[in-house]
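# Geometric and topological summary
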Amino acid sequence: MKPVYISFLLIPALALAGEGSGGHSPLEIFWKGFNIVLFLGIVYWLGRKPVGEAFNRFWRSLSEDVEKSEQELMLAKSDLRKAQEELEKAKVRADESIALARESAQAEVERARQHAQEVASRVKEKARETVDIELKRAKEELTRFGMEKAEEIAINMLRDAFSDKDLQKKYIKSQIRTLEENKG
């Protein structure tokens, strides 16, 4: 509403208020009301532009602050979303790393087990070969020893047997016969 209209509404209200207050005349109330309305009109007329500009600046500032806050909120939400995605990716990478480490550890344990089995197998084989070689050597030694003893016993038996003159004659005759048969 314009100030002129307000003043027309105030004058009768002030006149009615003055009648009940005792001692103020309606003309006095009119001038007091007129002065108040005039004062408010002048304040309005002079302060309208700076007050309007101040309110506009305040409103723009408030709007800009709200827009900045909204942008910051959107950026924060975007950063939060990115951070959550990075966290999920990091969790996946960590799980993959743990799984890879477990697989690597299992593969390493398996390789170590296979290596130990191969070494044990080679050691068994070497031991078997060594036992076979030693056994063969022992058999050969026993055979040689047996042959030497058998030869000694045979030599002793033959010496004892050939000490008999009749046996010597029989042996010589049998050898001559064998030679004659082979020649002829």
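Residues numbered from 1 in each chain as written. Predicted model: local features only at pLDDT ≥ 70, side-chain atom pairs only at ≥ 80, totals over all residues. Heavy atoms only, no water.

A few words now on the overall build of the chain. Scanning the chain for helices and strands turns up 3 helices and 0 strands. Listing each helix as α and each strand as β along the chain from the N terminus yields α-α-α. Of all 184 residues assigned to the chain, the portion counted as buried reaches 4%. Of the roughly 16600 Å² that the chain leaves accessible, carbon and sulfur atoms contribute 62%. (Helix = DSSP H or I, 4+ residues; strand = E, 2+ residues; numbered from the N terminus. Buried < 20%, exposed > 50% of the residue type's maximum accessible area, 1.4 Å probe, protein only. Areas by Shrake-Rupley, 256 points an atom, 1.4 Å probe, with all protein chains shown as cover.)

Right, let's get into helix H3 (residues 165–183). Helix length check: H3, at 19 residues, gives a terminal C-alpha distance of 27 Å against a target of 27 Å (1.5 Å per residue), a fit within 8%. Counting buried residues along H3, only 0 of its 19 residues qualify, which leaves the element largely exposed. (Expected span 1.5 Å × (residues − 1).)

Another point: the packing of aromatic side chains. Applying the stated criterion across every chain yields a total of 3 aromatic pairs. When the ring of Phe30 is compared with that of Phe34, the centres are 6.1 Å apart and the planes differ by 20°; the resulting orientation is stacked. Of the two residues, Phe30 and Phe34 are both situated in helix H2 (residues 26–162); the distance of 4 residues between them amounts to about one turn of the helix. Assessed through its relative accessible area of 29%, Phe30 is described here as partly exposed. Within the aromatic cluster, the residues linked to one another by ring pairs are Phe30, Trp31 and Phe34. Directly above the aromatic system of Trp45 lies the positively charged group of Arg48, at a separation of 4.3 Å from the ring centroid. (Phe/Tyr/Trp six-rings, centres within 6.5 Å; stacked < 30°, edge-to-face > 60°. Lys NZ or Arg CZ within 6 Å of the ring centre and 35° of its normal.)

Now for the pattern of salt bridges. The full count for this structure, using the stated rule, is 6 salt bridges. For the salt bridge of Glu134 with Arg137, the shortest nitrogen-to-oxygen distance reads 2.9 Å. Taken together, the residues Glu134 and Arg137, both in helix H2 and 3 residues apart, mark about one turn of the helix. (Salt bridge = Lys/Arg side-chain N within 4 Å of Asp/Glu carboxyl O.)

What follows is about a positive patch on the surface. Residues Lys165, Lys169, Lys173 and Arg177 make up a contiguous surface patch of positive charge. With respect to the helices and strands, the residue Arg177 is situated in helix H3. (Patch = residues over 30% accessible without salt bridge, like charges linked within 9 Å, V, L, I, M, F, W, Y side chains within 5 Å. Lys, Arg positive; Asp, Glu negative; His and termini not counted. Charge placed at Lys NZ, Arg CZ, Asp CG, Glu CD.)

Bringing H2 into the picture now. An α-helix turns once per 3.6 residues; consequently, residues spaced three or four apart project the same way. Taking 1.5 Å per residue as the helical rise, H2 with its 137 residues ought to reach 204 Å, and the 189 Å between its terminal C-alpha atoms agrees with that figure. The sharpest bend along H2 measures roughly 55° and falls at Gly47, with the proline Pro50 sitting one to four residues further on. Residues of H2 that are buried include every one of Ile29, Gly33, Val37, Gly41, Gly47 and Ser78, and no others. (Bend = angle between axes of the 7 residues up to and from the residue.)

With that out of the way, let us pick up the confidence of the model for the chain. A low pLDDT means the predicted coordinates there should not be read in detail. Overall, the predicted model of the chain reaches an average pLDDT of 84, with 88% of residues at or above 70. Within the chain, the element-level pLDDT minimum falls on helix H1 (residues 3–21), averaging 52, and the maximum on H2, averaging 89. (pLDDT = per-residue confidence, 0-100.)

What follows covers a negative patch on the surface. Negative charge collects at one region of the surface, where Glu64, Asp65, Glu67 and Glu70 lie side by side. Relative to the helices and strands, Glu67 is located in helix H2. Glu67 gets classed as partly exposed once you look at its relative accessible area, which sits at 47%.

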